[in-house]
Amino acid sequence: MRKKIVVGNWKMYTNAVTAQALASAVVKGLGDETRVTVGVCPPAPYLLPVAEVLRGSAVGLGAQNCYHEKEGAFTGEVSPAMLVDVGCQYVILGHSERRHKLGESDAFINRKVHGALAAGLHVILCLGETLAERQGNLTETVLQTQLDGSLDGLDAVALSKIVLAYEPVWAIGTGHNATPQQAQDAHAFIRRQIAERFDQAAAQALLIQYGGSVKPDNAASLFHQPDVDGGLIGGASLNADQFLAIVRAALS
């Protein structure tokens, strides 16, 4: 039985005060619950103050992005080693907002994945199709292409440090989410592809989150699907009560 994982992606929201308050509320509400893996990913400027709040708790710290190099003349970038240094356990890579708004390719994301894993981070690797691609019956083709490119050069040992997050682009921040069956179908396809690329044991152990307008009222129906192992939560993670309700749904 795979342990569910629920991670909050705070995107470009919060400030120093509200980030710490939100983290504190999540820590308090979660208590010593460890049956679900829980993490939060604040904006980069607030990683350190949030890390202080999370210290000693059951809530893990993650970043929303990183560069692939250890150090160098890369103005404005943050290295995986820097994230580890401030206490991060996770980093989100390949989010659709970076793929589609900032032009990140599978090859570029793959370099980041290698760099993050080499630094000791766990990677939350996002993939998903646009509305036009789904309407064109290209969902599986897109997922296959993203998997092939983003996981290039990795073995089953490296895969054990990766969580995949299926996020249909048409459901992110739109209020529209995939139906439980649509989510299950995509997750099952991803797991089959992982089994073919690596092996059945690696595929069965792999955690695959769903992301895309997950709310307290739809979380349980999504998480009850056999291949949905939790959620990467956007807007609802900015409200501690909503986020904790989603975590509780992972226990139901």
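Attention here is on the structure that accompanies the text. Numbers given for residues are sequential positions, taken from 1 along each chain in its written order. Local features are withheld for residues below a pLDDT of 70 in this predicted model, meaning they are given only at 70 or higher, and side-chain atom pairs are given and counted only at 80 or more; totals for whole chains, interfaces and linings count all residues. Calculation of side-chain values draws on the structure's entire complement of heavy atoms; hydrogens and water are dropped beforehand.

### Quick look at the environment of Gly-120
Here is step 1 of the chain: Strands are runs of DSSP state E lasting at least two residues, helices are runs of H or I lasting at least four, and both sets are numbered from the N terminus onward. Secondary-structure assignment places Gly-120 in the loop between helix 5 (106-118) and strand 5 (122-127).
Here is step 2 of the chain: Along the chain, Gly-120 and Val-84 lie 36 residues apart, while their C-alpha atoms are 7.5 Å from each other.

### Thoughts on the packing of aromatic side chains
Here is step 1 of the chain: Only the six-membered ring of Trp is used, alongside the rings of Phe and Tyr, when aromatic pairs are assigned; centres must lie within 6.5 Å, and planes under 30 degrees apart are stacked while those over 60 apart are edge-to-face, with the rest tilted. Within the structure shown, the criterion is met by three aromatic pairs.
Here is step 2 of the chain: Measuring from centroid to centroid gives 4.9 Å for Tyr-67 and Phe-74, while their planes differ by 45°, and the two rings are tilted.
Here is step 3 of the chain: A relative accessible area of 34% means that Phe-74 is categorised as partly exposed.
Here is step 4 of the chain: On the numbers, 6.2 Å between centres and 50° between planes, the contact of Tyr-166 with Tyr-210 is tilted. In this pair, Tyr-166 sits in strand 6 (residues 162-166) while Tyr-210 sits in strand 7 (residues 207-210), placing the two residues 44 residues apart along the sequence. With respect to class, Tyr-166 is no different from Tyr-210; both count as buried. Between buried and exposed lies partly exposed: a residue is buried under 20% and exposed over 50% of the maximum accessible area for its type, with that area taken using a 1.4 Å probe on protein chains only.

### Considering the state of the cysteines
Here is step 1 of the chain: When two cysteine sulfur atoms lie within 2.5 Å, the pair is treated as a disulfide. Summed over all chains, the structure comprises zero disulfides.
Here is step 2 of the chain: No disulfide involves Cys-41; its sulfur sits 7.7 Å from that of Cys-88, the nearest cysteine.

### Examining the pattern of salt bridges
Here is step 1 of the chain: We define a salt bridge as a contact between a side-chain nitrogen of Lys or Arg and a carboxyl oxygen of Asp or Glu at a distance within 4 Å. Tallied over the full model, the rule gives 12 salt bridges.
Here is step 2 of the chain: Glu-104 serves as the salt-bridge partner of Arg-98, at 2.7 Å between the closest nitrogen and oxygen.
Here is step 3 of the chain: On the basis of relative accessible area, Glu-104 is assigned to the buried category, the value being 8%.
Here is step 4 of the chain: A salt bridge links Arg-99 to Asp-106; the shortest N-O distance between them is 2.5 Å.
Here is step 5 of the chain: Look at the salt bridges and you will find they share partners, linking Arg-2, Arg-191, Asp-227 and Asp-229 into a network.

### Some remarks on the environment of Thr-130
Here is step 1 of the chain: Mapped onto the secondary structure, Thr-130 falls in the loop between strand 5 and helix 6 (131-135).
Here is step 2 of the chain: Through-space distance from the C-alpha of Thr-130 to that of Asp-241 is 30 Å; in sequence the pair is 111 residues apart.
Here is step 3 of the chain: Between two residues, a contact is recorded if the distance between any of their heavy atoms is within 4.5 Å. Residues within four places of Thr-130 in sequence aside, it is in contact with His-100, Val-169 and Trp-170.

### Overview of the packing of helix 7 (residues 139-150) against helix 9 (residues 180-197)
Here is step 1 of the chain: Fitting a line to C-alpha atoms yields each axis, with helices limited to the stretch in contact; the angle taken between N-to-C directions then spans 0 to 180 degrees. It is at 11 Å that the axes of helix 7 and helix 9 come closest, and there the two elements cross at 40°. Regarding the angle of helix 7 to helix 9, the classification is oblique. Taken as a pair, helix 7 and helix 9 cross one another with a handedness that is right-handed. Residues Glu-140, Leu-143, Gln-144, Leu-147 and Asp-148 of helix 7 form the contact with helix 9, whose participating residues are Ala-186, Phe-189, Ile-190, Arg-192, Gln-193, Ile-194 and Arg-197.
Here is step 2 of the chain: Under this grouping Gly is polar, as are all residues other than the nonpolar Ala, Val, Leu, Ile, Met, Phe, Trp, Tyr, Cys and Pro and the charged Asp, Glu, Lys and Arg. The class makeup of the residues in the contact of helix 7 with helix 9 is six nonpolar, two polar and four charged. Should an angle lie under 35 degrees it is considered roughly parallel, over 145 roughly antiparallel, and from 65 to 115 roughly perpendicular; all remaining angles are considered oblique. A clockwise turn of the near helix away from the far one marks a right-handed crossing, whereas an anticlockwise turn of less than a right angle marks a left-handed crossing.

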